[in-house]
Amino acid sequence: MQRYSDEIIEEVRQTNDIVDVISQYVHLKRSGRNYFGLCPFHNEKSPSFSVSPDKQIFHCFGCGVGGNVYTFLTKIEGINFVEAIQTLAERANIQLPTLESNGDSAKELLKAKVYKINEFTANYYHQNLYQASSKIAQEYIKKRKLTNETLQSFQIGFSGKFDELYQELKKQGFEETEILESGLVNKNDRGQYIDRYRNRLMFPICDARGRVIAFGGRVLDDSKPKYINSPENVVYSKGRNLFGLNVAKKGNTKELLIVEGYMDVISLHQRGITNVVAPLGTALTQQQGWLLRKSTEKMILSFDSDEAGIMAKMRALDILQDMGCDIRILQMEGAKDPDEYIIKYGNSRFRNLVEKALSVIEFKVKVLKQKLNLESVNDKIKFLNEIAKLIAKVENTMEREVYIEKIAKEYDISKEAIYAEVNKLTYAGAKSEKILEKVKPVISHKKTEENQISQAIKKRENTIISILLTGDINIFRVMRLSIKIEDFKDPINQEIAKKLYEELEKGNSNINSVIDTLGEEEQNHITEIMADDYEIEDVEKAIDDILQSYEKDKLNSRKYEVVKLLEGNLETNQKKELEKELNEIIIRLDKMK
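Residues numbered from 1 in each chain as written. Predicted model: local features only at pLDDT ≥ 70, side-chain atom pairs only at ≥ 80, totals over all residues. Heavy atoms only, no water.

**Focus on the packing of aromatic side chains**
By convention here, two paired aromatic rings are described through the distance between centres and the angle between planes. If you walk through the whole model with that rule in mind, you get 21 aromatic pairs. For the ring pair Tyr25 and Phe72, a centre distance of 5.5 Å and an interplane angle of 70° mean the geometry is edge-to-face. Within this pair, whereas Tyr25 is found in the loop between α2 (18-23) and β1 (29-31), its partner Phe72 is found in helix α3 (residues 69-77), the two being separated by 47 residues in sequence. Judged by its relative accessible area of 1%, Tyr25 falls in the buried class. You can call Phe72 buried: its relative accessible area is 0%. Between Tyr70 and Phe81 the ring centres are 5.0 Å apart and the planes differ by 70°, which places this aromatic pair in the edge-to-face class. Here the residue Tyr70 occupies a position in helix α3, and Phe81 occupies one in helix α4 (residues 81-91), the gap between them amounting to eleven residues. According to the relative accessible area criterion, Phe81 is partly exposed, its value standing at 23%. An aromatic cluster is present here, built from Tyr25, Phe41, Phe49, Phe58 and Phe72 joined pairwise through their rings. Between the NZ or CZ atom of Arg349 and the centre of the ring of Tyr345, over which it lies, the distance is 4.1 Å. (Phe/Tyr/Trp six-rings, centres within 6.5 Å; stacked < 30°, edge-to-face > 60°. Helix = DSSP H or I, 4+ residues; strand = E, 2+ residues; numbered from the N terminus. Buried < 20%, exposed > 50% of the residue type's maximum accessible area, 1.4 Å probe, protein only. Lys NZ or Arg CZ within 6 Å of the ring centre and 35° of its normal.)

**A word on the sheet that holds strand β12 (residues 255-259)**
Reading across from one edge, β13-β12-β14-β15-β16 is the order of the five strands in this open sheet, with mixed pairing throughout. A single partner strand is all that each edge strand has here, and the edge strands are β13 (276-277) and β16 (358-359). Direction of pairing for β12 relative to strand β14 (residues 298-302): parallel, over a ladder of five bridges. Among the inter-strand pairings, Leu257 is bridged to a residue of β14, identified as Ile300. (Pairing = 2+ DSSP bridges.)

**Concerning the pattern of salt bridges**
For the coordinates displayed, the defined rule picks out 25 salt bridges. With its nearest N and O atoms 3.2 Å apart, the salt bridge here joins Glu503 to Lys506. Taking the relative accessible area as the measure of exposure, Glu503 reaches 16% and is therefore buried. When salt bridges with common partners are traced through the structure, they connect Glu10, Arg13 and Asp516 into a single cluster. (Salt bridge = Lys/Arg side-chain N within 4 Å of Asp/Glu carboxyl O.)

**A short note on the environment of Tyr403**
Looking at the element boundaries, Tyr403 is found in helix α18 (residues 397-411). Among the residues examined, Tyr403 registers a relative accessible area of 11% and is labelled buried. When near neighbours in sequence (up to four residues on either side) are disregarded, Tyr403 contacts Ser359, Ile361, Glu362, Ile391 and Val394. (Contact = heavy atoms within 4.5 Å.)

**Here's the deal with helix α12 (residues 286-295)**
Where burial is concerned, most of α12 is hidden: seven out of the ten residues are buried. Every buried residue belonging to α12 is among Gln288, Gly289, Trp290, Leu291, Leu292, Arg293 and Ser295, and all of these are buried.

**What to know about the sheet that holds strand β5 (residues 66-67)**
Taking strand neighbours across the sheet as the criterion, the five strands line up as β1-β2-β3-β4-β5 in an open arrangement whose pairing is antiparallel. Each having just a single partner strand, β1 and β5 make up the two edges of the open sheet. Summarising the sheet, β1 and strand β2 (residues 34-37) pair through three bridges and their orientation is antiparallel. Bridge pairing in β2 links Ser31 to Asn34. Against the sheet, helix α23 (residues 520-531) contacts β4 (57-60) and β5, and its axis sits at roughly 100° relative to β4. (Axes fitted to C-alpha atoms, helices over the stretch in contact; angles between N-to-C directions.)

**Details of the packing of helix α21 (residues 473-482) against helix α24 (residues 539-566)**
Running from N to C, α21 and α24 cross one another at 10°; their axes reach a closest spacing of 10 Å. When the axis of α21 is compared with that of α24, the two are roughly parallel. For the pair α21 and α24, contact is made by Ile475, Val478, Met479 and Ser482 and by Val539, Ile543, Leu547 and Lys554, respectively. For the contact of α21 with α24, a count of residues per class yields six nonpolar, one polar and one charged. (Parallel < 35°, antiparallel > 145°, perpendicular 65-115°, else oblique. Nonpolar A, V, L, I, M, F, W, Y, C, P; charged D, E, K, R; others polar.)

Here you go:
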């Protein structure tokens, strides 16, 4: 596996503040010394995801996941450690040294080959588009009025016949296994290698860094399917990428327009709307939501206006709202999609639509109205109840008032009636929260001594790790004399202690780097300890207490051994020696009370 030096890893980590990085994906609010938000790794309604700027770690008290900035990026982006370093280095404008390929894993080598295959293929298809044999594709491009500049920006191309690409890839020296992994070529039952894309207009799909990761191919006649896309492989996951983001990022992405298909993105881009992206043939995923949250401050959804398009918008809203995104919804009349609209009505009119995009509340109210007959008393009551539920979720009081005023006027409903329903829901919600907050009577169950000791030991070991995490070498030297690795009873604590001892033994007081060497379970546990406040005011006294507790445990253990031995048949001298030892142990234990 490729690895950068510890110095590089630390430089990149220190240059990327964890709060800044996580804020690109999660809406964080400061509370005391830490920041809190909704956890991106499990569904929750109350923020339990904590980010510590002092310790440069995150920890979710709901699902237990935790780590440092590298851990977060590998989990949220679905990338490996090396890719996380490269992403954060690029973010901080740090030039990384070139990694040697020796020591690479087979998977890493395969990924590198697939990237090269994709890059070559994109160029090959693009050049093929200009050949005399590609007349059918040229006619389609002419019909869609795509300029040469647009063709080059998106590297649009044309695929050939049967095995033309396969033969070219073989000439470049690529192996069959690498070519098959790219998904650009299939092997049939007769052992023949056949290009996946034949006689199709080709759209290279790039990741946010501009690397070609996959392809989409559009048929140019009436055959089916109309579009086929690359299968998922070592470099491509359709749910984690967005078409056109690499091109959009070259301009201003303060606001991003999200559309349905490749041609929507390309058509709008050619007509000056460059801040536009599209999901990859699937409903918007949570991972794409994080990618959007990272890339922009404001999102405008523009899916088709049919039932399927409305459902797609609703699903996208559910994903994006919890991320703290500023979302708007584009409403079109007279065209089924943005591509058709901008060709039919022009750039200026489309931009006007964007400016008038609806808020989430307005859109949901409009969709609700379409499903009800407001001339019916029952439907109007239902309408009032449903809009009250929507408005009650709005935290900002001024924003609530604006919505109530606007909805009351537009749908001919009394403002007072809306206020009354909203207040009822808000009051009921507050009351139920208080009920939930009431301390429930604790039913006392007598625990076994073993369980009490177990909990006490775990708490003590957590405290030791918390003290070691201060990185104080002098404190470590005192503790290691009396507390050995094998003294840790909890397996996870023992593994963490082992790593801490190893680093502190070397004189390395930078404890944050230890997180990178731990497994997922240990990372989650160490960040839980770091996130917790052990309130140790006097460290020296705390250490004395811990050392004494270990000594007490050892004495008690020996006491039980001696008592057990005295129950057996012993010679008089042996019995006297054990009785003397037992007496000394009891005296020492008594002094410790």
